[in-house]
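Architecture and fold: a report
Single-letter residue listing:
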Amino acid sequence: MPAALADVLSPKPLDGGWGWMVVIGAHISIGFAYSTPKALSIFFKDIQEDLGASYSEIAWISSIMLAVMYAGGPVSSLLVRRFGSRPVVMMGGLMCGVSMVTASFGSSIVYLYLCIGIIGGWGLCFNLNASLTIISKYFLTKRPLANGLAMAGSPVFLCFLAPLNQFLLRHFGWRGSLLILGGMMLNCCVAGALMRPVPQPPHPGSMAPPMEVEQTNITKSKGSCMKTAKTFVDLSFFKDQGFIIYLIGNVMFIFGAYAPIVFLSAYAIKQGVEEYSAAYLLSIMGFVDMFVRPGTGLVANSKWIRPRIQYLFSFAMIFNGTIHLLCPLMTTYPLLVAYAVFFGVGFGMVFALIFECLMDLMGNQRFPSAVGLVTIIECFPMLLGPPAAGLLVDIFGDYKYLFLMCGGVITAGGVFLFIMNVYNYNRLDKAKRGNSSEQNQNNTEQNQNTIENQEQESSSEAQRELMDVAQSDPAGQEETS
Amino acid sequence: MKLLWAVAALLLSCWRADASTAGFIISPLSKMKLINDSVELHCEVIGNPIPEVQWWFIEGEESSETFTQLFDGARNERVRVNATYIEHATSTIHLLSLTLDDTGTYECRASNDPDRNDLKKTPKIKWIRSQANIIVIESPKITADPTEVVNQTSAILRCNLTESNLSSKGSYWTLNGKVIEDTKSDVNKYHAQLSLEKITHAESGPYECVFDTEPQVKQTIEVKVLPSVGAYKHSEHGNENDKVVLKCVAHGYPLPTDWVWFKEDAEDGREMPISNFTNERYNIKSTPNQTLLTIDELDMEGDSGNYICSGTNELGTNTDKIKLRVRSRLAALWPFLGIVAEVIILVTIIFIYEKRRKPDEVNDDDDVGSAPLKSNSTSNHKDKNVRQRNSN
């Protein structure tokens, strides 16, 4: 390792070595987080019969789980910042396991809401947030690839859990299945064990804590209620232009993203496709998704795309939206299969990049809090999207309006992101040229986080990280922007 | 005095002018009916005050007619009279189970004259009357061929309406009371034919050939098959000490009248009949189209196995088999414990590996996460350590 590098950076992300084990851990953790709420629906019919609940009451279990998983983001961020990823993920895995095990003894639907929905949701929330954070700590140059691989956990686990759940249901009944599933979720603790904390220099006395985040941590210990609330939801993020742009684009995407998945089989059956073949469409989509995510990560990692990764993200969103807009034209089964394939591609691309782009915007330090804030805001479009789409179907009696709406919203979001990012990148380039003379000083002094630079820091921070790596890496792998 | 008489006369004429004599709004209509059928005659009368309505039966020729009043319950309860007196008078007379003797003229009489029931005056003067004829005829003979279809794979049903004075406009067939669409014909007025190419339980049932005459006449031909008995689910699972319901459904005509459950003995395959008395844990509830066997407090060894439901109708019996598997309470526990053990082992291995490889990293467990990526490192005197680690 060249001496110059060690002077400049500390600690440098590994970008390999143990990092890949961490990616495996994150893969497992994220996999359980996204696929469990969906895979549980296989048990719903049996639970419905046993507990005498109605269809909508049962469906609430998944909804509560997803809602808590997203809404708990800020709390999870706080814990990750305090304790690091490993204890949080292990705690999350334990909570998930306990939630499923206790749910297997349940005798009322409210009990299930509590166990699976709330406790399970919290567990998954811890898993998700902490896994994403640890990736940002371990990877920089290969971060998009690592993100893609980790996010691929979602379709992989869904493909794996769905038939497994069927098998368990047949052989052990829903109670036995939940018990075994609880055991399996304890594997998140294994994933957590893999997330070795990144070696950090312990609190150096000379290190003045300029970050607002640090400040609020310290003031929290004084016991002020307002300040405590501030640690959960760091509102300073809303002053950041890049963040707001990302948030708006994301909200639009999430609003339209899930409804087509929910209604795809029903739409296919209406077009005259058999039930089994219709269910197969979703499997095709999931299968394609599995490969597209790491693939996108690889593409995003390349030297041409990496600096302009936000463009790739907006392109992926527009692609996804356009596919939905074209869906009403797909009336035969082969066309629907093609739609499912392209849907898988678009969906995978967006999800591989969704957190990578946030890391790119926010940089390492601010990412944990940012992701917590993003998930809690995303909670609303996620819960509102499918019912709103369902309402459209009820009013018009035709599925095509659903796809048109979802496609329209997603495409609009993508276009918005693209335009705003053009503007944003230009602004940053100008600022960078203006600041280039101060560049070296910033690296050695501590004023990088003074309020004046706050505005530019958000997106330029990531750029600077890359630049620094490029400067110190004689091989010149990364392009300076 | 004269003034008083004038006023009284005026008042009286006013009062009388208010009153109106009775008049028919709806008169009863004549009908022709078959024996054992039922008929209804309806009569509505308006007037002020509200008129009273009566029904009378007239038999015999002119000038030697006999009049009989019909009350509710007359003719051995075969007559039902229903009258309402709200704003105007309505009355409906129902005649049930018609016989040939019910043929005759039925008269609806109404009057609102206050003197109407005075025996000193003849009824004709005070009562208005409206008549309808009811003619009851014998059912015309319809020859049906065959009279019944029993356990055949195909059949042709024929009906002939021959010895009858009635004129027919056409014919059609019904199954279970529902009209079979393609059988409506204006051409086949007195001969109706229906061919059934493949008779399964879906085509079985009571068929009727209906002739469009006045009144409508029909004949029934029953197509009977063996009951089609099927288990709702061929493989059922139950949990130990829980309860399970085994269900069999039947289709076809006629539906089974008897349902019997058997349990197949595990060793010799003999079928042991089960009834509500065999065991207090068993409960059988049967209706013609389905039977439910509920077993409480399942026992893993004793209750697992094959169960046979058999439904019997007048033609014969059909059966189906259900395989019941009883899961032990603790069945899921072993895999669960196995997985927990695996998790504990893996976590232990990972921690031990970590401690062995880099023992000095144990102190850095506290990942504050706020250390900036690029920094102030030159002022940080731990630099040397960092450099060392990064060189790995």
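Residue positions are given per chain, counting from 1 as you read along its sequence in written order. Ligands are numbered from 1 and chains lettered from A, in the order in which they are written. Confidence filtering applies because this is a predicted model: local features only for residues at pLDDT of at least 70, side-chain atom pairs given and counted only at 80 or more, and all residues used for totals across whole chains, interfaces and linings. Working from all heavy atoms in the structure, the side-chain values ignore hydrogens and water.

**Quick look at the overall build of chain B**
Comment: elements are numbered from the N terminus, with helices defined as DSSP H or I runs of at least four residues and strands as E runs of at least two. The helix and strand tally for chain B stands at six helices and 26 strands. Within chain B, the fraction of its 392 residues that count as buried is 36%. Between two residues, a contact is recorded if the distance between any of their heavy atoms is within 4.5 Å. When contacts within chain B are restricted to residue pairs at least 6 apart in sequence, long-range pairs at least 24 apart make up 62% of them. Per element, the accessible surface of chain B, about 23,500 Å² overall, is 52% carbon and sulfur. Only protein chains enter the accessibility calculation, which uses a 1.4 Å probe; a residue is then buried when its area is under 20% of its type maximum, exposed when over 50%, and partly exposed in between. With residues, only the protein chains shown are counted as cover, and all accessible areas are computed by Shrake-Rupley using a 1.4 Å probe.

**With respect to the sheet that holds strand β7 (residues 88-95) of chain B**
Residues and elements named next belong to chain B. When DSSP finds at least two bridges between two strands, those strands are taken to pair. Taken in spatial order, the four strands of this open sheet run β1-β3-β7-β6, and their pairing is antiparallel. Looking at the sheet topology across the chains shown, the edges are occupied by β1 (20-26) and β6 (79-86). For this sheet, the mean angle separating the axes of adjacent strands, direction not counted, is 20°. One ladder, built from eight bridges, connects β6 with β7; its direction is antiparallel. Note that in β7 the partner of Tyr85 across the bridge is Ala89. All axes are obtained by fitting lines to C-alpha atoms, using only the stretch in contact for helices, and the reported angles, taken between N-to-C directions, cover 0 to 180 degrees.

**Regarding unusual backbone geometry**
Residue and element names in this part refer to chain B. Here the amide bond leading from Asp145 into Pro146 is cis, since omega sits at 0°, within 30 degrees of zero. With an omega dihedral of -5°, the bond running from Tyr253 to Pro254 counts as a cis peptide bond. For Pro254, the location among the structural elements is in the loop between β20 (244-251) and β21 (258-264). Despite not being glycine, Asn176 has its phi angle at roughly 55°, a positive value. With respect to the helices, strands and loops of the structure, Asn176 is situated in the loop between β13 (171-175) and β14 (178-179). On the basis of relative accessible area, Asn176 is assigned to the exposed category, the value being 55%. Backbone geometry places Glu297, a non-glycine residue, at a positive phi of 45°.

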